[in-house]
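Take a look at the letters that make up each chain.
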Amino acid sequence: MTCRQMVELVTAYLEGHLPAEDRARFEEHLAICDGCQAYVEEMRDTLEALGRLPEERLSGKARDTLLAAFGDWQTDDR
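All of these numbers come straight from a predicted model, not from anything done at the bench.

(A) Expanded view of the nonpolar core. Listed in full, the ten residues of the largest apolar core are Met6, Val10, Tyr13, Leu18, Phe26, Leu30, Cys33, Cys36, Val40 and Met43. When residues of this core are traced back to their parent elements, those giving at least two are α1 (3-14), α2 (20-32) and α3 (34-51). Look past the residues within four positions of valine 10 in its chain and what remains in contact with it is Phe26, Tyr39, Val40 and Met43.

Here it is in structure tokens:
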């Protein structure tokens, strides 16, 4: 698994939604990649912090800005 592939799967990994085979490949990559280990920890911390933020506290403008920023986000396998 490449770092780019790992980044695309990190949310599914943290939420426990990866199939066993993908999870194993993900964890094999983490075992050898310090950069991805740091990235996963940052994402874990971010998701934990955002999980405590009630949706109603997000203004309509902030929500629209986030949706616009990520709405057309596409990944590639470079």
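(B) The packing of aromatic side chains, seen in detail. In this structure the tally under the stated criterion is one aromatic pair. Arranged with centres 4.0 Å apart and planes meeting at 20 degrees, the rings of tyrosine 13 and phenylalanine 26 form a pair that is stacked. Of the two residues, tyrosine 13 is situated in helix α1 and phenylalanine 26 in helix α2; the sequence distance between them amounts to 13 residues.

Calculation criteria
- Residues numbered from 1 in each chain as written.
- Predicted model: local features only at pLDDT ≥ 70, side-chain atom pairs only at ≥ 80, totals over all residues.
- Heavy atoms only, no water.
- Core = buried A, V, L, I, M, F, W, Y, C linked by side-chain atoms within 4.5 Å.
- Buried < 20%, exposed > 50% of the residue type's maximum accessible area, 1.4 Å probe, protein only.
- Helix = DSSP H or I, 4+ residues; strand = E, 2+ residues; numbered from the N terminus.
- Contact = heavy atoms within 4.5 Å.
- Phe/Tyr/Trp six-rings, centres within 6.5 Å; stacked < 30°, edge-to-face > 60°.

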